Amino acid sequence: MSAPNSDYDPVEVTPLRADEVERMRDAALEAIAAADSVEALKQVKIDHVGDRSPLALANREIGALPPQARKEVGQRVGQARGAVNKALAERTAQVEAVEFERRLAEEAVDVTVPVDMEPVGARHPLTTIQDHVADIFVAMGWEIAEGPEVEAEWLNFDALNLGPDHPARTMMDTFWVAPAEAAMVLRTHTSPVQARTMLTRQPPIYIACPGRVFRTDEPDATHAPVFHQVEGLAIDEGLSMAHLKGTLDHLATAIYGEGTTTRFRPSYFPFTEPSAEVDLLCYVCHNDPAQVADCPTCRGEGWVEWGGCGVVNPRVLIACGVDPERYSGFAFGMGLDRTITSRYDIADLRDLWDGDIRFTEPFGIGL
Amino acid sequence: MKVPVPWLRELVGLPDSVTTEQLAARLTAFDLKLEEIVGGQLSGPLVVGRVLSAVPEPQKNGKTINWCRVDVGPEHNDPATDDLPAGRGIVCGAHNFGPGDLVVVSLPGTFLPALGFEISARKTYGHVSDGMICSTAELGLPGGDQSGILVLEAGSAEPGDDAIALLGLNDETLDLEVNPDRGYAWSLRGVGRDTALAFDLPFRDPADIEVTDTDGEGYPVVVEDREACPVFVTRRVTGIDPTRPTPEWMARRLVQAGMRSISLTVDISNYVMLELGQPNHAYDAAKLSGPIGVRRARAGERLTTLDDVDRVLDPADLLICDDEGPVGLAGIMGAAHVEIDDTTTDVVIEAAYFDRSTVARAARRHKLSSEAARRFERGVDPSLQARAAQRVAELLVEHGGGRIEPGITVVGEVAPRPAVTLAADLPRRIAGVPSIDLEASVAALRGNACEVEVQGDQLVVTPPSWRFDLNDPYDVVEEVLRVVGYDQVPSVLPQAPGGRGLTRAQELRRRVGYALAGAGLVEVKTFPFAGEEDFDKLGLPADDERRRQVLLENPLSAQEPGLTTTLLTGLLRAAGLNVGRGHEDVALTEMGRVFRTRDDSPHAPIYGVDRRPTDDELAVLDAALPDQPLMAAWTMLGQREKRGWSGPGRDATWADAIAVAKRLADVLHVELTVEAVALAPFHPGRCAAFLLDGTVVGHAGELHPKVLEAYGLPARGVAGEVNLDALIGAAPELGPRPDFSSFPVAKEDLAFVVDASVHAGDLQAALASSGPLVESVRLFDIYAGDQVPAGKKSLAFNVRLRAADHTLTDAEITEARAAAVEAAARFDATLR
Ligand SMILES: [Zn+2]
């Protein structure tokens, strides 16, 4: 670099002339605008911003100017370089954005191809409905009790006021464990669980027992030797048929929806007195006069049979160690398999038991 | 119980305004549930006709038909012509009638249920037959010559009379379901009383019968067992005309009630049973020798009952005998050789009251039920016998021309039923119906023929002799509620005290269920029955304890005589069904109980019911029950990940089967140890046993090729089963506390050469416990081949080291690494 020279005429240094700086700036801006790829911008940067670019070279000349000229010329070149850098940055961002979008566009896939490579499991609806019903009871403050499936004859029958010669015993179609003297059965109902609960704790008792039970029915479209039911038992001071009705109405609503009421018909069970059959207002036609006649669910009755119930026979309380003078209670039971078959319009009960995956799969992990 | 409606109406005096449907609805509300209304489907015009002429016309087909002119009354007759009197032309193929006979004619438009179609005029044999002359069978009537034309008694009707009403052809019958506690309702008397109560009508008891001619002996009786036979009544009727027919109305009622009309004497006996509920028997007096005895059977004694079955008797069977031997199984069925026949003129009528259990047990023992047994089992009115015998005798006099022989034998007597005392407000409290006051209770009970006495705030209720179901205060409550109406019970939701929610085990079972579904398994439910064939298919050795089933007395099939000992019997069967239905890739699971016999095959005790058994007694009872643990089983066949556009997929392997067990252990926070075992039904080299604190709780692996073949399953299928009760029982109250360090990790890869027999899992466990700095160890490569000596293999592990409170120094890392190598040395592992 040459020493300061007071005789120096800045106008005479060509690259630093105003019009020359302007031309260099415009050329740079033009090149920037014309570049349409990151690649091209790289070259533009080398040509117009890099160390060997005209503006950079011009900038280097400024130091050779006399001090009084440096400021003005420095400003001129500086502005030009600033404009070019700004334009380059803007254009780079623009081009990068376009290129990014293009890359994403190129990465597009066919999202409609099957993606079920992983196996999907499912829970049997009889499992799910037992859980669902249990939850309803738990929400009422009840507890869920359980017991063995091979049960003592005494608990399945005698303790429930079904003595050895009781006619109702033969109606139960019981599987007996061999030899008969073993006095054990496959439980015909979940009622022995109720007895077991009373035998092991004192009232107040509010329990429900969902579970698997057995009857000697050959499997066909409407029968199975194994089925599921849920029974409930409440023992407390001052309980009556009215509390039974209230509980069943609540349960009916919780399972079948608002407005599903129940009705009692007198009946007979050895373990309850008085006993009743409970019917459910048809959850399909709601006994609506306009629909009931053609309703396939209730066959024109307006009501569907739901289960059996009643006030616990004090003889059962005595056998199970509960003081019948102080406590009373009620019990009820209903089948769950039919809840599934009727609500899902399943004509053949065997579908529940065959194990065909196409039966369970649609239920997923919840009803 | 089949109740002919006209009979019931007549008995109760039910107003015509009450329809059969209304009647049935009220009875249902009174615990006599309607099963079905039978009859009432026939529709007219069905009229009485008089045959004016019947011209036989032989036909080409060899038959001869009658071309008849029949007077069917002015309303229905075609007008007279030059040749013919007023009437209708009808072709008839039968010949048991002639001109002048009264017959029943179904005119076009008549619907006969027995035929199932509507009669119309039709061309046949060259005539237009304008109706049909009906046979007994076509009218659905009992008795007589069923295929012959029904010829009415001369003078009993006029042509044109409505035959439907005349013959009761449209009578309806209520088929009622009678609950076992209401034995009294197996009679018109019982149903009639409830009907009268339901409609608030006065009831005239058909059993209000005066017993006459009581002086002297009816027929000698010796009752040896007064407990089994508390009452036995005999009396005699002689001079019956055996040719007399059963009155048409009686035969009709019997048939409507589901019985057959047999002969006048038998029909009367059955009619009285239906009417009063008292089974009774008429013996041919000429065939009885010596007094009638009532005793238990002797060992080896035999009896041929009326149904022609030769029965070996049990010493507990109660018999009716004469000098020659048994003449009947008491309360169930008589013997053929003393039955009345079409020459019988003198009969001995028996009406007894037998102990309910004695009859029930004998009927069960001989698998023999009868109308009589059904009633005795459920309880016959023990005060009724003499009156019922009187009723039979009177009907034999009235319709059979017999005469009642003076004298009646009555052995025994039953005490009145004990009174039931209850708090007067108990019916209101237990029913929860506010409107049940003292007055309502008393009225309802008196309507049920109970005697009621109010003593302060108590009711003393004496039930009538036939109400075996009224023993306890609550029984009385039901009778009150039945009359007040079950529909009066209000709906009140009781407030349970706060419950504890699901038990821990219940929660964990759900967790397992979701984990199984999450593992891609589809839950199925199968019947828990199995047999030798199943265990053979599983390849279980002869002495395998899983062959020791809990057997059933009465299994549904001989192939499955007992309960299963492993869920795999049902699960593999279900898998086969799926494969058979064309599903190549199947992953199934089941949760359920299996059953294991106890070595000493104990008997469960039967305790009394008058008190709670003691805790010790309950423990004995529980100890007798078979072990019945809850298990989870799974099977995977075909592809675990499906082939497709993304790749070739991946077949399920033994590792997937083991992974399910590991997953269950993980969700329950229990540690399972895995050991290699050889056990059916698994491939002997590809089966893992799972141990929990040293106890085997399950197995998984690849199924034995022969097992897969036996079930028709694809090669390399896998399965597993674990005892959930054991796993859940071991689950800690709380899962592990999260414990991790935020200091940097040091990763070391260690490859060892070991003997091929060394289990990678064992080596991995040794590395994992080689020092406090070891955070995790993971096997990432197994190699056997040229690079390692024969009989050896290389196992490569990622070991991650980390300290809880500082960054590891190089020295610490070196030391930890050395400790790991040393731990491996126990397996003769050399660092590669
Ligand atoms: Zn409906």
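Just so it is clear, the model here is predicted, and its values are computed rather than measured.

J.: Quick question: what am I supposed to make of the overall build of chain A here?
T.: Across its full length, chain A holds 13 helices and nine strands. Against the 2.2 N^0.38 benchmark of 21 Å for 367 residues, chain A shows a C-alpha radius of gyration of 44 Å, more extended than a compact globule. Projecting the C-alpha coordinates of chain A onto the three principal axes gives extents of approximately 140 × 50 × 45 Å. By residue count, 53% of the 367 residues in chain A fall in the buried class.

J.: Honestly, the interface of chain B and chain A in this entry has me stumped. Any pointers?
T.: Many descriptions give the size of an interface as the accessible area lost when the pieces come together. Contact with chain B, which involves 98 residues of that partner, is made by 109 residues of chain A. Each partner contributes to the roughly 8,600 Å² buried at the junction of chain B and chain A, and carbon and sulfur atoms together form 60% of this total. When residues of chain B are sorted by the area they lose upon contact with chain A, Y474(B), K525(B) and L556(B) head the list and together hold 9% of the total. Of the charged contacts in the structure, one is a salt bridge between R315(A) and D472(B), with a shortest N-O distance of 2.5 Å.

J.: Just checking my understanding: could you explain the coordination of the zinc ion for this structure?
T.: Geometrically, a metal with four donors at the corners of a regular tetrahedron has ideal angles of 109.5 degrees, and one with six donors at the corners of a regular octahedron has ideal angles of 90 or 180 degrees. Residue and element names in this part refer to chain A. All of the protein donors around the zinc ion are C282 (SG), C285 (SG), C295 (SG) and C298 (SG); their distances to the metal are 2.2 to 2.3 Å. One can describe the site at the zinc ion as tetrahedral: its four donor atoms subtend angles covering 105 to 114 degrees at the metal. In primary-sequence terms, the residues that donate to the zinc ion follow C-x2-C-x9-C-x2-C. With C285 in the loop between β7 (272-281) and β8 (303-312) and C295 in the loop between β7 and β8, the pair connects residues that are 10 residues apart, well separated along the chain. Here C295 falls in the buried class, since its relative accessible area comes to 5%.

J.: I would appreciate a short explanation of the packing of aromatic side chains in the present structure.
T.: Across all of its chains, the model carries 20 aromatic pairs over all chains by this definition. Seen in terms of ring centroids, F354(B) and F376(B) are 5.1 Å apart; in terms of plane orientation they differ by 70 degrees. Their pairing is edge-to-face. Of the two residues, F354(B) is situated in the loop between β23 (347-353) and α7 (356-365) and F376(B) in helix α8 (residues 371-378); the sequence distance between them amounts to 22 residues. Pair check on accessibility: F354(B) and F376(B) agree, each one buried. The cationic tip of R123(A) hangs over the ring face of Y514(B); the distance from NZ or CZ to the ring centre is 4.2 Å. One cation-aromatic arrangement involves R189(B) over W466(B); the distance from NZ or CZ to the ring centre is 4.5 Å.

J.: Hey, could you run me through the sheet that holds strand β28 (residues 458-462) of chain B in this one?
T.: All names here are of chain B. Strand order in the open sheet made by the three strands is β26-β28-β27, with antiparallel pairing throughout. Both outer strands of the open sheet, β26 (420-423) and β27 (451-455), are each paired with one neighbouring strand and no more. Between one strand axis and the next, the sheet turns by 25 degrees as a mean value, whatever way the strands run.

J.: Looking at this model, I keep getting lost on the nonpolar core. Mind explaining?
T.: Ranked by size, the top nonpolar core spans 121 residues in total, and within it F137(A), F264(A), W306(A) and F332(A) carry the most contacts. Ignoring any residue separated from it by four or fewer positions in sequence, one finds F264(A) in contact with M241(A), L244(A), K245(A), L248(A), A276(A), E277(A), V278(A), C309(A), Y486(B) and V489(B). Among the nonpolar cores identified, the runner-up in size contains 95 residues, and L11(B), L288(B), C321(B) and V380(B) belong to it.

J.: I keep staring at the confidence of the model for chain B and nothing clicks. Help me out?
T.: In low-pLDDT regions, the fine details of the predicted coordinates are not to be read closely. Averaged over all residues, the pLDDT of chain B equals 94, while 100% of them reach at least 70. In the model output, the complex is listed with pTM 0.85 alongside ipTM 0.86.

J.: Could you clarify how one ought to interpret the pattern of salt bridges in this entry?
T.: If the charged atoms of two oppositely charged side chains come close together, the side chains can form a pair. Using the criterion set out here, one finds 79 salt bridges over all chains in the structure. Two residues, R76(A) and E72(A), come together in a salt bridge whose shortest N-O distance is 2.9 Å. Separated by four residues within a single helix, R76(A) and E72(A) lie in helix α4 (residues 67-106), roughly one turn from each other. A relative accessible area of 51% places E72(A) in the exposed class. Put simply, R295(B) and E301(B) hold a salt bridge, and the shortest N to O gap is 2.6 Å. Under the relative-accessibility criterion, E301(B) is labelled buried at 14%. Ionic contacts of the salt-bridge type, sharing partners, join the residues D31(B), R182(B), D194(B), R467(B), D469(B), E478(B), E479(B) and R482(B) into one network.

J.: I tried to follow the domain arrangement of chain A on my own but got confused; where do I start?
T.: Segmentation of chain A into domains returns domain 1 (10-106) and domain 2 (125-363). The C-alpha centroid of domain 2 of chain A is placed 89 Å from the C-alpha centroid of domain 1 of chain A.

J.: How do you make sense of the sheet that holds strand β41 (residues 774-783) of chain B when you look at a structure like this?
T.: In a beta sheet, neighbouring strands pair by backbone hydrogen bonds and run either parallel or antiparallel. All names here are of chain B. Here four strands make up an open sheet; going across it, the order is β41-β42-β40-β43 and the pairing antiparallel. Two strands in the sheet have a free side with no partner beyond their single neighbour: β41 and β43 (830-831). In the sheet, strand β40 (residues 746-755) pairs with strand β42 (residues 792-801) via 10 bridges, with the strands oriented antiparallel. Across the sheet, E748 pairs through a bridge with V799, a residue of β42. Running over the sheet, helix α20 (residues 760-768) touches β40, β41 and β42 and is turned about 150 degrees from β41. Relative to the sheet, helix α21 (residues 810-825) contacts β40, β42 and β43, its axis offset from that of β40 by approximately 20 degrees.

J.: It is not clear to me how the environment of V309(B) should be interpreted in this structure. Could you clarify?
T.: Residue and element names in this part refer to chain B. Within the fold, V309 resides in the loop between β18 (302-304) and β19 (310-312). As for V309 and H281, which are separated by 28 residues in sequence, their C-alpha atoms are 19 Å apart. When sequence neighbours within four positions are dropped, the list of residues in contact with V309 reads L303 and T304.

J.: How do you make sense of the UniProt feature "binding site: Mg(2+)" (unreviewed entry) in chain A when you look at a structure like this?
T.: The UniProt record marks E273(A) with the feature "binding site: Mg(2+)" (unreviewed entry), using the residue numbering of this structure. Following the sequence through the fold, E273(A) ends up in strand β7. The class of E273(A) is buried, set by a relative accessible area of 5%. Ignoring any residue separated from it by four or fewer positions in sequence, one finds E273(A) in contact with V311(A), N313(A), Y474(B), D475(B) and E478(B).

J.: Mind showing me how you'd approach unusual backbone geometry here?
T.: The omega angle of the peptide bond from A178(A) to P179(A) is -10 degrees, so this bond is cis rather than trans. Mapped onto the elements, P179(A) comes out in the loop between α7 (167-170) and β3 (184-186). With a phi close to 55 degrees, D200(B) is a non-glycine residue in the positive phi region. Turning to its location among the elements, D200(B) is positioned in the loop between α4 (188-198) and β14 (221-223). Exposure remark for D200(B): the relative accessible area of 71% places this residue in the exposed category. The phi angle at A449(B) is positive, at roughly 70 degrees, despite the residue not being glycine. On the secondary structure map, A449(B) appears in the loop between α11 (438-447) and β27. Judged by its relative accessible area of 26%, A449(B) is partly exposed.

Reading the values: the criteria
- Residues numbered from 1 in each chain as written.
- Chains lettered and ligands numbered in written order.
- Predicted model: local features only at pLDDT ≥ 70, side-chain atom pairs only at ≥ 80, totals over all residues.
- Heavy atoms only, no water.
- Helix = DSSP H or I, 4+ residues; strand = E, 2+ residues; numbered from the N terminus.
- Rg over C-alpha atoms; globule rule 2.2 N^0.38 Å.
- Buried < 20%, exposed > 50% of the residue type's maximum accessible area, 1.4 Å probe, protein only.
- Contact = heavy atoms within 4.5 Å.
- Buried area = accessible area lost by both parts, 1.4 Å probe.
- Salt bridge = Lys/Arg side-chain N within 4 Å of Asp/Glu carboxyl O.
- Donors = N, O, S within 2.8 Å, 3.2 Å for Na, K, Ca; no water.
- Tetrahedral: all angles 85-135°; square planar, octahedral: opposite > 155°, others 65-115°.
- Phe/Tyr/Trp six-rings, centres within 6.5 Å; stacked < 30°, edge-to-face > 60°.
- Lys NZ or Arg CZ within 6 Å of the ring centre and 35° of its normal.
- Pairing = 2+ DSSP bridges.
- Axes fitted to C-alpha atoms, helices over the stretch in contact; angles between N-to-C directions.
- Core = buried A, V, L, I, M, F, W, Y, C linked by side-chain atoms within 4.5 Å.
- pLDDT = per-residue confidence, 0-100.
- Domains from an automatic or database assignment.
- UniProt positions renumbered as here; feature names shortened; annotations may be inferred.

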